[in-house]
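Breakdown of the fold
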Amino acid sequence: MDNVSKAVELFEHRFMCSQAVFAAFAEQFGITEKQALQIGACFGGGMSKAEVCGACTGALMVLGMKYGQYDENDLESRTAQREKASEFLEELKKRQGSYICREILGCDISTDEGKNYARSNGLYGKYCPEMVRTAAKILTEMLGGDE
């Protein structure tokens, strides 16, 4: 199964958007699916504050695995990681209009009222699977792989 399909499938199996995207790619970077699901757990729903979409934060974690600085003297990788993060976010914004959860859903899911509104209007099902799919597609493109 390709990473895009895996991300969507994980999301459809009730994992958070952040978990789904991160876990779909994590094993390529030496992290087990279980570890990725655990690491990504607190980033869904814009970190439960309707901020940056969890599909984005999951993708940014993957980009960090590929390009992130781990040597204090390696400032080139720091520049690369910032460029890759910016590139990803701009591309997602171009394709989906925003990468901010409350803007995507049209409500603030950090409140009980917003959560209830999103649920009763089917907003999670309407918008979130496509955000997961698009984030995984962009990530696949950036990593030079096949969908």
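Read on for a plain summary of the structure. (Residues numbered from 1 in each chain as written. Predicted model: local features only at pLDDT ≥ 70, side-chain atom pairs only at ≥ 80, totals over all residues. Heavy atoms only, no water.)

**Details of the overall build of the protein**
The helix and strand tally for the protein stands at nine helices and zero strands. Starting at the N terminus and ending at the C terminus, the protein contains elements arranged as α-α-α-α-α-α-α-α-α. Relative to the compact-globule value of 15 Å for 147 residues, the protein shows a C-alpha radius of gyration of 15 Å, a close match. C-alpha atoms of the protein, sized along the principal axes, occupy 50 × 30 × 25 Å. Every one of the 147 residues in the protein was classed for burial, and the buried ones make up 43%. Here the analysis covers contacts within the protein between residues at least 6 apart in sequence; of these, 61% occur between residues at least 24 apart. When the accessible surface of the protein is split by element, carbon and sulfur atoms take 47% of a total near 8100 Å². Charged side chains of the protein number 17 positive and 22 negative; the gap between the two group centres comes to 5 Å. (Helix = DSSP H or I, 4+ residues; strand = E, 2+ residues; numbered from the N terminus. Rg over C-alpha atoms; globule rule 2.2 N^0.38 Å. Buried < 20%, exposed > 50% of the residue type's maximum accessible area, 1.4 Å probe, protein only. Contact = heavy atoms within 4.5 Å. Areas by Shrake-Rupley, 256 points an atom, 1.4 Å probe, with all protein chains shown as cover. Lys, Arg positive; Asp, Glu negative; His and termini not counted. Charge placed at Lys NZ, Arg CZ, Asp CG, Glu CD.)

**As for unusual backbone geometry**
With phi around 75°, Arg 14 is a residue other than glycine that occupies positive phi space. At Ser 48, a position not held by glycine, the phi torsion is positive, near 60°. Relative to the elements of secondary structure, Ser 48 occurs in helix H4 (residues 44-50).

**A short note on the side chain of Ser 18**
Its location among the elements puts Ser 18 in helix H2 (residues 17-26). On the basis of relative accessibility, which here comes to 0%, the residue Ser 18 falls in the buried class. One polar contact links the side chain of Ser 18 to the main-chain amide nitrogen of Gly 44, over a distance of 3.0 Å. Ignoring sequence-local partners within four residues, the contact set of Ser 18 consists of Gly 40, Phe 43, Gly 44, Gly 54, Ala 55, Thr 57 and Gly 58. (Polar contact = N/O pair within 3.5 Å; in protein donor to acceptor, adjacent residues only side chain to side chain.)

**So, the packing of H2 against helix H9 (residues 123-143)**
Where H2 contacts H9, the two axes come as close as 10 Å, and the packing angle between them is 30°. Taken together, the axes of H2 and H9 lie roughly parallel to each other. Relative to H9, the crossing made by H2 is right-handed. Along its contact with H2, which presents Cys 17, Ala 20, Val 21 and Phe 25, the element H9 presents Val 132, Ala 135, Ala 136, Leu 139, Thr 140 and Leu 143. (Axes fitted to C-alpha atoms, helices over the stretch in contact; angles between N-to-C directions. Parallel < 35°, antiparallel > 145°, perpendicular 65-115°, else oblique. Left-handed = near helix turned anticlockwise from the far one by under 90°.)

**Considerations on the nonpolar core**
Membership of the largest hydrophobic core comes to 45 residues, with the highest contact counts inside it found for Ala 55, Phe 88 and Val 132. Where this core is concerned, the elements lending two or more residues are helix H1 (3-12), H2, helix H3 (33-39), helix H5 (54-67), helix H6 (75-96), helix H7 (101-105) and H9. Looking at which element gives the most residues to this core, the answer is H9, with nine residues. (Core = buried A, V, L, I, M, F, W, Y, C linked by side-chain atoms within 4.5 Å.)

Keep in mind that these numbers describe shape and distance, not what the molecule does.
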